[in-house]
Amino acid sequence: MANSNGSGAATLTGTSFIRPHLLKLAPYTPIVPFDVLSAQLGRKPEDIVKLDANENPYGPPPEVLHALGSMQFPNIYPDPESRRLRQELAKWHDIPMEHLLVGCGADELIDLLMRCVLDPGDKIVDCPPTFTMYVFDAAVNAAQSITVPRLDEFKIDVEGIKRVVAEHKPKIVFLTSPNNPDGSMTSTEDLLEILKLPVLVVLDEAYIEFSEEPSKMKWVADYPNLVVLRTFSKCAALAGLRVGYGAFPLDMIEILWRAKQPYNVSVAAEVAAVAALSNLDYMQRVRDALVSERERLQQELGAVPYLQPFPSHSNFILCKVTDGRDARGLKDALAKQYGIMARHYTTKELNNYIRISVGLPEQTDRLVTALKELQ
């Protein structure tokens, strides 16, 4: 914003050039990285139990580290079309690669969609509690977010979405299945009802591997208003390398190709993702181990008198903190006294909740011991 220099003339500042709506933008709150946590807690990184970001504790298939160590031509710009990776993804999902676009994490694809679809002042539908990047990216792109809160057991309010679409004429509805942070699924029946509406439906399946439901990626060939997003962050443990992808209608993806950054997926990211897909057996074993541990964690958390865990189809469990206990206080006690990181919520939709990622069995043991000692 320009200020007067006393003579009546405006003085330029750095923010004079920023788009006005961004001056009031609330920053996204990311997870604190390992090295910073280590310094804050006075613990070695290996002594910290990190259960706050739904990361995969098993790490990627061994082929990934080998491929990165022998990576060729890092001095050459990456393939702007990520052809090798899209070919492997097409085989894995049995979908033509022409429907697939890869991004620097699914977050990039969310932002790309908004930049291509939304004009300033356009609206999206958000169904909280859910992934907060939808509202954040909408604000960055000068769009408005219309809220349709979830019903009991975090079920999508289909009738509420229908009313909002009719009244506000939004361009995009974002659905997450399994939903973050509670792990509930969007039913096929509900999805079909919403697909009947004159709106783009973005189905975020970042955690779909941990459910028993099949992906809806193939549906994009039949529904021109459906986009399905996926990621390597969870199932393949590549969160640090940022690889996401999506399935899009063919006429839409033609425009997205023109608008995306040309070298958005690094050589290292594509090499790692292709290597991960070379060992699907490993990824399946890790998935099964995490699902098994989720069931054990569910039982253990249910035995804690001040926690009310909710059923989950993902690699995390959401708990309501009860008996007069404070979620923020519980999170801080776990971190400071035990070196265990969890995520807490004090929002309108999630007041006094805590989310715990599924970890290794020994990490569950350490968490359960801490929770009992904190009774």
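Residues numbered from 1 in each chain as written. Predicted model: local features only at pLDDT ≥ 70, side-chain atom pairs only at ≥ 80, totals over all residues. Heavy atoms only, no water.

**Quick word on the overall build of the protein chain**
No. 1: Broken down by element type, the protein chain carries 12 helices and 15 strands.
No. 2: On C-alpha atoms alone, the protein chain measures out to a radius of gyration of 22 Å, which is about the 21 Å that the 2.2 N^0.38 rule sets for 375 residues.
No. 3: With the C-alpha coordinates of the protein chain rotated into their principal frame, the extents come out at 60 × 60 × 50 Å.
No. 4: Long-range pairs, those at least 24 residues apart, make up 69% of the contacts in the protein chain with a sequence separation of at least 6.
No. 5: Here the protein chain displays about 17,600 Å² of accessible surface, and carbon together with sulfur accounts for 54% of that area.
No. 6: The positive charge centre, built from 39 side chains, and the negative charge centre, built from 48, are 4 Å apart in the protein chain. (Helix = DSSP H or I, 4+ residues; strand = E, 2+ residues; numbered from the N terminus. Rg over C-alpha atoms; globule rule 2.2 N^0.38 Å. Contact = heavy atoms within 4.5 Å. Areas by Shrake-Rupley, 256 points an atom, 1.4 Å probe, with all protein chains shown as cover. Lys, Arg positive; Asp, Glu negative; His and termini not counted. Charge placed at Lys NZ, Arg CZ, Asp CG, Glu CD.)

**A few points about the sheet that holds strand E8 (residues 200-204)**
No. 1: Judged by pairing direction, the sheet is mixed, and its 7 strands sit side by side in the order E4-E10-E9-E8-E7-E5-E6 without closing on themselves. Taken across any chain shown, the strands that pair with only one partner, and hence form the sheet edges, are strand E4 (100-103) and strand E6 (144-147). Direction aside, neighbouring strands of the sheet carry axes that sit 25° apart on average.
No. 2: The pairing of strand E7 (residues 172-176) with E8 spans 5 bridges and is classified as parallel. Residue pairing in the sheet places Leu 175 in a bridge with Leu 203 of E8.
No. 3: Packed onto the sheet, helix H5 (residues 133-140) meets strand E5 (123-126), E6, E7 and E8 and runs at close to 170° relative to E5. (Pairing = 2+ DSSP bridges. Axes fitted to C-alpha atoms, helices over the stretch in contact; angles between N-to-C directions.)

**Quick notes on the pairing of E4**
No. 1: The two faces of E4 match: Leu 100 and Val 102 on one face and Leu 101 and Gly 103 on the other face are all buried.
No. 2: When E4 meets strand E10 (residues 244-247), the two strands line up antiparallel, connected through 4 bridges. Each bridged residue has a counterpart across the sheet, and for Val 102 the counterpart in E10 is Tyr 245. (Buried < 20%, exposed > 50% of the residue type's maximum accessible area, 1.4 Å probe, protein only.)

**Notes on the pairing of E5**
No. 1: Inspection of the sheet shows E5 paired to E6 by 4 bridges, in the parallel sense. Opposite Lys 123, over in E6, you have Gln 144 as the bridge partner.
No. 2: Alignment of E5 against E7, held across 2 bridges, turns out to be parallel. Looking at the pairing, Ile 124 lines up with Ile 172 of E7.

**Some words on the pattern of salt bridges**
No. 1: Enumeration over the complete set of coordinates arrives at 24 salt bridges.
No. 2: In this structure, the salt-bridge partner of Lys 162 is Glu 159, at a minimum N-O distance of 3.5 Å. With Lys 162 and Glu 159 both in helix H6 (residues 158-168) and 3 residues apart, this pair spans about one turn of that helix.
No. 3: For Lys 162, a relative accessible area of 25% translates into the label partly exposed.
No. 4: The class of Glu 159 is partly exposed, set by a relative accessible area of 45%.
No. 5: Among the ionic pairs, Glu 293 bridges to Arg 296, the shortest N-O distance being 2.8 Å. Taken together, the positions of Glu 293 and Arg 296, both in helix H10 (residues 280-302) and 3 residues apart, correspond to about one turn of that helix. (Salt bridge = Lys/Arg side-chain N within 4 Å of Asp/Glu carboxyl O.)

**So, the nonpolar core**
No. 1: Judged by nonpolar contacts, the single largest core of 81 residues is most densely connected at Ile 161, Leu 175, Phe 232 and Leu 307.
No. 2: Per element, the largest residue contribution to this core is 9 residues, and it comes from helix H9 (residues 267-277).
No. 3: With near-sequence residues (within four places) excluded, Leu 307 lies in contact with Leu 301, Cys 319, Lys 320, Val 321, Thr 322, Leu 330, Ile 354 and Leu 371.
No. 4: Ranked by size, the runner-up nonpolar core spans 23 residues in total, among them Leu 109, Met 114, Leu 200 and Leu 256. (Core = buried A, V, L, I, M, F, W, Y, C linked by side-chain atoms within 4.5 Å.)

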